[in-house]
Amino acid sequence: MLPLVLAFQVAFSGAPWPRHTIDNTSRGADGVKLMDVDTDGRHDVVTGWEQGGVVRVYLFPSRVDSRRQWRQVTVGAVPSAEDAQFVDVDGDGWIDVVSACEGKTRSLFVHWAPNDPDRYWDSAAWKTEPIPAAKDLMQWMFAVPLQVDSRHGTDLVAGAKGPDAAIGWLRAPAKPRDLAAWTWHPLRPAGWIMSIITADMDGDRDQDILFSDRRGARSGVYWLENPGSAADQTKPWTEHPVGSQDREVMFIDYTDFDGDGLRDVLAAVRPNEIHFHKRGSADGQRWSPTVIPIHANAGIAKAVRAVDLNLDTKLDLLVSNEGAKGDKRGVYYLTQDESGAWRPVDISGPEGVKFDLVELADFDGDGDPDVVTTEEVDQLGVIWYENPGRY
């Protein structure tokens, strides 16, 4: 039985934050990732539209214009795009996009960016190709960059869901644009991968893989230990449990939540909990769990992020939900009062049903973090919520 920390089940405080639309012109916006692709010091956005069958990149405009719909480019048309990630796949300095597709598509695609700054925002200049080693292999959920073997270009760590699903990595060849030369190396069977985070979990200066698995006999939060050098990549990656075993874990966050100098894990767990896994050792072997219930008038837990949203110097819990029908809240945060109890603060209001990953950036330049996410049932699309500042 996990320790329980009760949140005050009181009404949400605060008015909903102003919502601004980046794009709502396709269907099924499913997650966002941020990167400054044009090196102007501002975060740009990539999103896959699952039902709309397109992947798009959005250029951050000026701070003044950020409340209007952003300039966009459709970088590729692929069905069932579950995720899209910025990656410079071929190392040419131009930021490409990798999309992961589930459903009947069951493929990973590279959307090659043009090497001409004047054509980066021209859809016709982009080229989409599947990675043959991943084609029709499984229902792909995510793919993130990681230099695994210290050879050639950036490799990809990828995970999937459903029959024959696994988490593993794709080895980049000497010529990364030769997609037929990429090879797949499974590391562990999976039920439904929901998060992949690359981090040095044991302090040995190489990157391990922290992940959440939503379904199956080995559901929960785990990390896989990188065996080391390129020569060691024939060895298995040892699996270490973090917590939330046998629970339906959704998205996770990796951060020092309690300020002790060690990074912890926060997990959104269906139907209505946040699990705080406190790290107990620098080598990532010991973790202590605590449960924080989500608010009774919220939807079903989807994602959690630790961030000081109200600028009181204490980390809050930003939560997104799905199934937020009727008057339920799809995005809100929990902040601690003087007694240490958690108090819910509204962000989204009742609009929106199914939200996804939440990312943070100061989109309006006023010094506090704003929230960007997607909503795919009410077709709010790619949106950001403007932080009103201190409460």
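Everything that follows concerns the structure shown earlier in this document.
A brief look at the structure comes next. Remember, predicted model here, so these are calculated numbers, not experimental data.

### A few points about the overall build of the protein chain
Now for step 1: Broken down by element type, the protein chain carries zero helices and 28 strands.
Now for step 2: The C-alpha atoms of the protein chain give 20 Å as radius of gyration, which agrees with the globular expectation for 391 residues (21 Å, within 12%).
Now for step 3: Projected onto the principal axes, the alpha-carbon positions of the protein chain cover approximately 55 × 45 × 35 Å.
Now for step 4: Intrachain contacts of the protein chain at a sequence separation of at least 6 include 49% that bridge at least 24 residues.
Now for step 5: When the accessible surface of the protein chain is split by element, carbon and sulfur atoms take 50% of a total near 15100 Å².
Now for step 6: On the protein chain, the mean spot of the 40 positive side-chain charges and the mean spot of the 62 negative ones are 4 Å from each other.

### Observations concerning unusual backbone geometry
Now for step 1: Residue R270 is joined to P271 through a cis peptide bond whose omega torsion reads 0°.
Now for step 2: Counting through the fold element by element, P271 comes out in the loop between strand 19 (264-269) and strand 20 (273-279).
Now for step 3: A positive phi is found at D164, a non-glycine position, where the angle reads about 65°.
Now for step 4: Summarising the element assignment, D164 is placed in the loop between strand 11 (155-161) and strand 12 (166-171).
Now for step 5: Its relative accessible area of 67% is what places D164 among the exposed residues.
Now for step 6: Although it is not a glycine, R205 adopts a positive phi angle of roughly 75°.
Now for step 7: By the element assignment, R205 lies in the loop between strand 14 (193-199) and strand 15 (208-213).
Now for step 8: Given the relative accessible area of 81%, R205 is considered exposed.

### Observations concerning the sheet that holds strand 25 (residues 342-346)
By way of backbone hydrogen bonds, the strands of a sheet pair with one another, either parallel or antiparallel.
Now for step 1: Taken together, four strands build an open sheet; the order of strands is 22-23-24-25 and the sheet is antiparallel. Each of the sheet's edge strands pairs with one partner strand only, and the pair in question is strand 22 (300-307) and strand 25. The average angle at which neighbouring strand axes cross in this sheet is 30°, direction not considered.

### Remarks on the sheet that holds strand 1 (residues 19-23)
Now for step 1: Spatially, the four strands line up as an open sheet ordered 1-28-27-26, and their pairing is antiparallel. Edge strands, defined here as strands with exactly one partner in the open sheet, are strand 1 and strand 26 (359-361). Between one strand axis and the next, the sheet turns through 30° on average, direction left out of account.
Now for step 2: Taken together, the five bridges between strand 27 (residues 370-375) and strand 28 (residues 381-385) define a ladder with antiparallel strand orientation. The partner of T374 across the bridge, within strand 28, is V382.

Reading the values: rules and limits
- Residues numbered from 1 in each chain as written.
- Predicted model: local features only at pLDDT ≥ 70, side-chain atom pairs only at ≥ 80, totals over all residues.
- Heavy atoms only, no water.
- Helix = DSSP H or I, 4+ residues; strand = E, 2+ residues; numbered from the N terminus.
- Rg over C-alpha atoms; globule rule 2.2 N^0.38 Å.
- Contact = heavy atoms within 4.5 Å.
- Areas by Shrake-Rupley, 256 points an atom, 1.4 Å probe, with all protein chains shown as cover.
- Lys, Arg positive; Asp, Glu negative; His and termini not counted.
- Charge placed at Lys NZ, Arg CZ, Asp CG, Glu CD.
- Buried < 20%, exposed > 50% of the residue type's maximum accessible area, 1.4 Å probe, protein only.
- Pairing = 2+ DSSP bridges.
- Axes fitted to C-alpha atoms, helices over the stretch in contact; angles between N-to-C directions.

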